[in-house]
Amino acid sequence: MSDLLERLRGRGWRMTAQRRVVAEVLDGDHVHLTADEVHARAVERLPEISRATVYNTLGEMVTLGEVMEVATDGRARRYDPNAHRPHQHLVCARCGAIRDVHPAGNPLSDLPDSERFGFTISGVEVTYRGICPNCAASA
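Computed from a prediction, not measured in an experiment: that's the story for all the values here.

Looking only at helices and strands, the protein has five helices and six strands in total. Along the chain direction, N to C, the helices and strands of the protein fall in the order α-α-β-α-α-β-β-β-β-β-α. Across its three principal axes, the protein shows a C-alpha extent of roughly 55 × 45 × 25 Å. Residues counted as buried form 34% of the 139 residues belonging to the protein. Counted over contacts in the protein with a minimum sequence separation of 6, partners at least 24 positions apart contribute 47%. On the protein, roughly 8500 Å² of surface is accessible, and the fraction owed to carbon and sulfur atoms is 49%.

By size, the foremost hydrophobic cluster in this structure holds 21 residues, and its most contacted members are Leu-4, Val-22, Leu-26, Val-38, Val-54, Leu-58 and Met-61. Mapped onto this core, the elements with two or more residues apiece are α1 (3–10), α2 (17–26), α3 (35–45) and α4 (51–64). A total of five residues in this core trace back to one element, the largest contributor, which is α2. When residues no more than four places from it in sequence are discounted, the contact partners of Met-61 are Leu-4, Leu-8, Trp-13, Arg-19, Val-22, Ala-23, Leu-26, Glu-66 and Val-67.

As a further point, take the pairing of strand β4 (residues 88–92). The side chains of a regular strand alternate, residue by residue, between the two faces of the sheet. Within β4, four of the five residues are buried, which leaves it mostly tucked inside the rest of the structure. In the sheet, β4 pairs with strand β5 (residues 98–101) via four bridges, with the strands oriented antiparallel. Across the sheet, residue Gln-88 finds its bridge partner in β5, namely Val-101. Here β4 folds back onto β5, and the loop between the two strands holds five residues, one of which, Gly-96, carries a positive phi near 85 degrees. The sheet contact formed by β4 and strand β6 (residues 127–130) spans four bridges and is parallel. Paired with Val-91 across the bridge in β6 is Arg-129.

Another aspect to go through is the packing of α1 against α2. Geometrically, a packed helix pair is captured by the angle between its two axes and the distance between the axes. Orientation of α1 relative to α2, taken along the N-to-C sense of each, is 140 degrees, at an axis distance of 8 Å. On the basis of their axis angle, the class for α1 and α2 is oblique. For the pair α1 and α2, contact is made by Leu-4, Leu-5, Leu-8 and Arg-9 and by Arg-20, Ala-23, Glu-24 and Leu-26, respectively. The class makeup of the residues in the contact of α1 with α2 is five nonpolar, no polar and three charged.

One pass over the full model with this rule turns up 11 salt bridges. Of the charged contacts, one joins Glu-24 and Arg-20 as a salt bridge, the two residues approaching to 3.0 Å between their closest N and O atoms. Here Glu-24 pairs with Arg-20, and both are found in helix α2, just four residues apart, close to one helical turn. Accessibility expressed as a relative area gives 30% for Arg-20, which makes it partly exposed. Here the salt bridges do not stand alone but share partners, grouping Asp-3, Arg-7, Arg-11, Glu-66 and Arg-85 into one network.

Here we come to the environment of Gly-118. Checked against the element boundaries, Gly-118 lands in the loop between β5 and β6. A relative accessible area of 74% means that Gly-118 is categorised as exposed. Between the C-alpha atom of Gly-118 and that of Gly-12, which follows or precedes it by 106 residues, the distance is 39 Å.

What counts, and where the lines are drawn
- Residues numbered from 1 in each chain as written.
- Predicted model: local features only at pLDDT ≥ 70, side-chain atom pairs only at ≥ 80, totals over all residues.
- Heavy atoms only, no water.
- Helix = DSSP H or I, 4+ residues; strand = E, 2+ residues; numbered from the N terminus.
- Buried < 20%, exposed > 50% of the residue type's maximum accessible area, 1.4 Å probe, protein only.
- Contact = heavy atoms within 4.5 Å.
- Areas by Shrake-Rupley, 256 points an atom, 1.4 Å probe, with all protein chains shown as cover.
- Core = buried A, V, L, I, M, F, W, Y, C linked by side-chain atoms within 4.5 Å.
- Pairing = 2+ DSSP bridges.
- Axes fitted to C-alpha atoms, helices over the stretch in contact; angles between N-to-C directions.
- Parallel < 35°, antiparallel > 145°, perpendicular 65-115°, else oblique.
- Nonpolar A, V, L, I, M, F, W, Y, C, P; charged D, E, K, R; others polar.
- Salt bridge = Lys/Arg side-chain N within 4 Å of Asp/Glu carboxyl O.

Structural data, given as C-alpha cells:
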C-alpha cells in the first residue's frame, strides 16, 4: 500500500474506489501532476471517474494536509503527495518539470532577525530554477 493511502486510512478518510485511484495515481517520489494529468491517469484505471471527482478529491487531500498544491510561474497547479517531509522544489524553466530537493540547512533559520520585520515565521517555500537535462540536451 502506498504511503499516501496509509496516511489517508490512518486519518479515517472514507476510501471509495475513486479516492483510492486518485491516491494511487499520486503515489511515488517526485510526483507533481496537474489535476488534468491525475484525471487522465485515473481514467486508465477507473474509466468512469469524472474530472469533478478528481478535482474534489484533490481539494479534500489538500485540506487534510496530505497533499500540497504547488504553483510555479503561472503554470497549472500541481499536486505533491510529499506533504510530510520538508523539502523544496527544483523547476525546469522550459518544460516545467519539478523535482523535490532537500538542501542542507534550515531556510527558516537562514532568515536573519533583521529581515523578519516583526513577523512570526510559520513556513518557507524556496524554489530553485534551472534547465533540466532533457531540455538542455534538446537545445
